[in-house]
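# Fold and contact review
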Amino acid sequence: DLTYLGRPDVGLITLNELAGLVERISDAVSVPVIADCDTGFGGSANVARTIRAYERAGAAGLHIEDQVFPKRCGHFEGKAVVSTRDMEYRLQAALDARTDRDFLIIARTDARGPEGFESALERAHAYAELGADAIFVEAPSSVEELQRVGDAFPGVPLVANMIERSRTPLLPEAQLRAMGYRIILYANAALYLGAFAIREGLSVLRREGTTQSLLDRMLSFGERQQLIGLPQHDAYERELVARVDAKARRRG
């Protein structure tokens, strides 16, 4: 919602839009991609369709949450969650729909805000017992709560979401890993960094009428091409032409 639509994170984005983003990201990187599928975009059949779409898009896994639709960012006020049983229907549909047994399905609960921490733990236990590959208790509000989640799920892969200046305290990776967290999300770090830099840079451009004073804070033209793989593209094109031309000469 934020980066694709320029709108608040309130469940506006659609399955096809998200699956398209997942496909482009998966194609551009060489590391496993874990994606967000919000509430699964509807009932059990919609959840199954979502799983299949994300698998085709190249994701290594996803997390699905127990909010009502339309959902809200896990750190917003005004959230509501479906019943534990309704989330279990969603989760079971997701588990049944995957064709790759290595496709990671993370069960996320957003109950900490609307129902309290104890309810969030109870829900997370139910989701783990149903067969979720990993557990994501969203928005713990203290170091103690983060530790209690870790203590409650020994041996179960846990997800921590580090959103700067939000409800959950920022902890170093080593400390989170010692608590039992194996997947650590920095869900807004790139967005915050990029938006800050763009705002500052464009303010300078407006004030000075040039970007000259910003050159040491920008990628160079060459660095940009290196980042997106232009040298490798050009090298392949040259090698391709050479191979085809050589075969043509051998044919006479």
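Model, not experiment: these values are computed from the prediction. (Residues numbered from 1 in each chain as written. Predicted model: local features only at pLDDT ≥ 70, side-chain atom pairs only at ≥ 80, totals over all residues. Heavy atoms only, no water.)

## As for empty space enclosed by the protein
- According to the stated counting rule, one finds 2 cavities of 30 Å³ or more in the structure shown.
- Quantified by volume, the largest cavity comes out at close to 40 Å³.
- The wall of the largest cavity is formed by F136, V137, E138, A139, P140, L146, V159, A160, N161, T168 and Y181.
- Elements with a contribution of two residues or more to the lining of the largest cavity: β4 (134-137) and β5 (158-161).
- For the lining of the largest cavity, the element with the most residues is β5, which contributes 3 residues.
- When grouped by side-chain class, the residues that make up the lining of the largest cavity number 8 nonpolar, 2 polar and 1 charged.
- Approximately 30 Å³ is the volume attributed to the second largest cavity.
- Forming the boundary of the second largest cavity are G11, I13, D38, T39, F41, F69 and K71. (1 Å grid on protein atoms, 1.4 Å probe; cavity = no way out; pocket = protein on both sides within 12 Å on 5 of 7 lines; lining within 4 Å. Points joined across faces, edges and corners; volume = space filled by probe spheres on them. Helix = DSSP H or I, 4+ residues; strand = E, 2+ residues; numbered from the N terminus. Nonpolar A, V, L, I, M, F, W, Y, C, P; charged D, E, K, R; others polar.)

## Describing the side chain of Q225
- Along the chain, the position of Q225 falls in helix α10 (residues 221-227).
- Look past the residues within four positions of Q225 in its chain and what remains in contact with it is L230 and P231. (Contact = heavy atoms within 4.5 Å.)

## Describing the sheet that holds strand β1 (residues 34-36)
- Spatially, 6 strands are ordered β1-β2-β3-β4-β5-β6 in an open sheet, and the strand pairing comes out parallel. In the strand order of this sheet, the two ends are held by β1 and β6 (181-185), each with one partner. Averaged over all pairs of adjacent strands, the angle between strand axes in this sheet comes to 30°, irrespective of strand direction.
- The pairing of strand β2 (residues 61-65) with strand β3 (residues 104-109) spans 5 bridges and is classified as parallel. Paired with H63 across the strands is I106, a residue of β3. (Pairing = 2+ DSSP bridges. Axes fitted to C-alpha atoms, helices over the stretch in contact; angles between N-to-C directions.)

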